[in-house]
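# Descriptive analysis of the structure
Listed below are the residues making up each chain.
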Amino acid sequence: MEKTLIILKPDALQRGLAGRIISRFEDKGFQVLALKAMHVSRDLAEKHYAVHKAKPFYPRLMNYITSSPVIVMVVQAVGGIAIARKMMGATFGSQADPGTIRGDFGLSNSFNLIHGSDSPEAAETEIALYFKPDELLSYERGNEKWIYDCSGDTPE
Ligand code: IDP
Ligand code: MG
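Okay, so let's go over this structure. (Residues numbered from 1 in each chain as written. Chains lettered and ligands numbered in written order. Predicted model: local features only at pLDDT ≥ 70, side-chain atom pairs only at ≥ 80, totals over all residues. Heavy atoms only, no water.)

All right, on to the site of ligand 1 then. Close to ligand 1 lie 13 residues; Lys9, His52, Thr91, Ser110 and Asn112 are nearest. One of the side-chain N or O atoms of arginine 102 is found 3.0 Å from an oxygen atom in ligand 1. One nitrogen or oxygen atom from the side chain of asparagine 112 is found 2.7 Å from an oxygen atom belonging to ligand 1. Against a free-state accessible area of 530 Å², the protein chains account for coverage of 79% of ligand 1. The residue makeup of the shell around ligand 1, split by class, is 5 nonpolar, 5 polar and 3 charged. (Near = heavy atom within 4 Å. Polar contact = N/O pair within 3.5 Å; in protein donor to acceptor, adjacent residues only side chain to side chain. Areas by Shrake-Rupley, 256 points an atom, 1.4 Å probe, with all protein chains shown as cover. Nonpolar A, V, L, I, M, F, W, Y, C, P; charged D, E, K, R; others polar.)

Pairing is antiparallel across the open sheet formed by 4 strands, whose spatial order is E2-E3-E1-E4. At either end of the open sheet lies a strand with only one pairing partner, and these are strand E2 (31–38) and strand E4 (114–116). On average, each strand axis in the sheet is tilted by 15 degrees relative to the strand beside it, whichever way the strands run. Strand direction decides the pairing type here: strand E1 (residues 2–8) and strand E3 (residues 70–77), joined by 7 bridges, are antiparallel. Its bridge partner being in E3, lysine 3 is matched across the sheet by glutamine 76. Contacting E1, E2, E3 and E4, helix H2 (residues 18–28) crosses the sheet at an angle of about 10 degrees to E3. Sheet strands in contact with helix H5 (residues 80–88) are E1, E3 and E4, and its direction is about 30 degrees off that of E1. (Pairing = 2+ DSSP bridges. Helix = DSSP H or I, 4+ residues; strand = E, 2+ residues; numbered from the N terminus. Axes fitted to C-alpha atoms, helices over the stretch in contact; angles between N-to-C directions. Contact = heavy atoms within 4.5 Å.)

Before going further, it helps to examine the nonpolar core. Counting 21 residues, the largest nonpolar core has Ile6, Leu8, Ile21, Phe25 and Ile114 as the members making the most contacts within it. Among the secondary structure elements, those contributing two or more residues to this core are E1, H2, E3, H5 and helix H6 (101–105). What phenylalanine 25 contacts, discounting residues up to four positions off in sequence, is Ile6, Phe30, Met73, Val75, Ala84, Met87, Ile101 and Ile114. Counting 20 residues, the second-largest nonpolar core is a separate cluster that includes Met38, Tyr58, Tyr64 and Ile65. (Core = buried A, V, L, I, M, F, W, Y, C linked by side-chain atoms within 4.5 Å. Buried < 20%, exposed > 50% of the residue type's maximum accessible area, 1.4 Å probe, protein only.)

In this section: the side chain of arginine 141. Relative to the assigned elements, arginine 141 resides in the loop between helix H7 (120–130) and helix H8 (144–147). Of the polar contacts made by the side chain of arginine 141, one reaches the side chain of glutamate 144; its length is 2.8 Å. Those residues within four positions of arginine 141 in sequence are excluded, and the remaining contacts are Gly29, Phe30, Gln31 and Ile147.

Time to look at the packing of H2 against H5. Packing of H2 against H5 leaves a shortest axis separation of 12 Å and a crossing angle of 135 degrees. Here H2 is positioned oblique relative to H5, judged by the angle of their axes. Viewed along their axes, H2 and H5 form a crossing whose handedness is right-handed. Note on element contacts: H5 touches H2 through Ile83, Ala84 and Met87, opposite Arg24, Phe25 and Lys28. Here the contact of H2 with H5 is composed, by residue class, of 4 nonpolar, no polar and 2 charged. (Parallel < 35°, antiparallel > 145°, perpendicular 65-115°, else oblique. Left-handed = near helix turned anticlockwise from the far one by under 90°.)

Below, the discussion takes up helix H4 (residues 58–65). When H4 is considered as a whole, its buried residues turn out to be Tyr58, Leu61, Met62, Tyr64 and Ile65. For H4, the arc enclosing every buried residue in end-on projection is 165 degrees, short of the 170-degree limit, so these residues lie on one face. In this structure, the buried residues of H4 make contact with helix H1 (10–14), helix H3 (42–48) and E3. (Arc of directions from axis to C-beta.)

This is the structure:
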């Protein structure tokens, strides 16, 4: 099982798309382990996007992510990091394929609705930035055995 950090960015909430985006993760079978609405502080934004500090779009990215509240969540699935990235689509809304979240809901290359961790290392760091360890739930789902074939050693 892989945990990943998903952020429904300010445009997702402002445009009233948050519920539909969350539904896609539920529909796919991801398990939600944590979810909260919050305002991203400048300090947190700088920590989260430190790798982009030198990029030309960095100042606008800082303004964007701190401009209005977000919903941040931790979701889990087998291979969940790559699956979530596929569901999000390409970074630019103008290029993301139809059927993906960015492809279906946005046009902008900057306001692209959603963040998802891009590696296990990033997921661990990002989850720790947004959630305290005791905010992550651990619970059994009643339908787990219909989401995965659990008859073997690992869910398949
Ligand atoms: P990702 O969100 O698909 O992983 P990254 O390259 O990590 O994309 O960029 C982080 C965020 O910075 C993007 O989601 C987007 O909001 C913004 N961004 C990336 N590239 C550009 C750009 O060329 N112009 C404007 N904003 C950008
Ligand atoms: Mg990225």
